[in-house]
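Residue strings, one per chain:
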Amino acid sequence: MQNEYYMKEYKHYDGEANITFNLIDVNTDNHTVTVAVTNRGKNSVITYDLIETNGLLSFEYGVMNEKIYINNFEEVA
């Protein structure tokens, strides 16, 4: 499953600005997800804990621990 999601993108509005996530790695064995995050012009590569709830994969982002669902990521043309 690691390459199935590679570089898919999701845009998230946090109430102030759009944040762009690009998937780099989804590792179900180690329960981690690594994403490239573009937030207000700054780029970071961050590894989050992977959460599975009712068969849906997600990770929590930000101070409000908002769930970002992996199935919301899309191919970028």
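No experiment lies behind these values; they were computed from the predicted model shown.

J.: What is the right way to read the side chain of Lys8 from this model?
T.: Turning to its location among the elements, Lys8 is positioned in the segment before strand E1 (9-13). Put simply, Lys8 is tucked away with no salt bridge, and the nearest opposite charge, on Glu75, sits 4.2 Å away. Filtering out sequence-adjacent residues up to four positions away, Lys8 remains in contact with Phe21, Asn22, Leu23, Phe73, Glu74 and Glu75.

J.: Where do I start with the packing of aromatic side chains in this structure?
T.: Ring pairs (aromatic) are described by centroid distance and by the angle formed between their planes. Applying the stated criterion across every chain yields a total of five aromatic pairs. Measuring from centroid to centroid gives 5.5 Å for Tyr10 and Phe73, while their planes differ by 40°, and the two rings are tilted. With a gap of 63 residues between them, Tyr10 in strand E1 and Phe73 in the segment after strand E7 (66-69) connect regions that are remote in the sequence. Through a chain of ring-to-ring contacts, three or more aromatic side chains come together here, namely Phe21, Tyr48, Phe59 and Tyr61.

Criteria and cut-off values
Residues numbered from 1 in each chain as written. Predicted model: local features only at pLDDT ≥ 70, side-chain atom pairs only at ≥ 80, totals over all residues. Heavy atoms only, no water. Helix = DSSP H or I, 4+ residues; strand = E, 2+ residues; numbered from the N terminus. Buried < 20%, exposed > 50% of the residue type's maximum accessible area, 1.4 Å probe, protein only. Lys, Arg positive; Asp, Glu negative; His and termini not counted. Salt bridge = Lys/Arg side-chain N within 4 Å of Asp/Glu carboxyl O. Contact = heavy atoms within 4.5 Å. Phe/Tyr/Trp six-rings, centres within 6.5 Å; stacked < 30°, edge-to-face > 60°.

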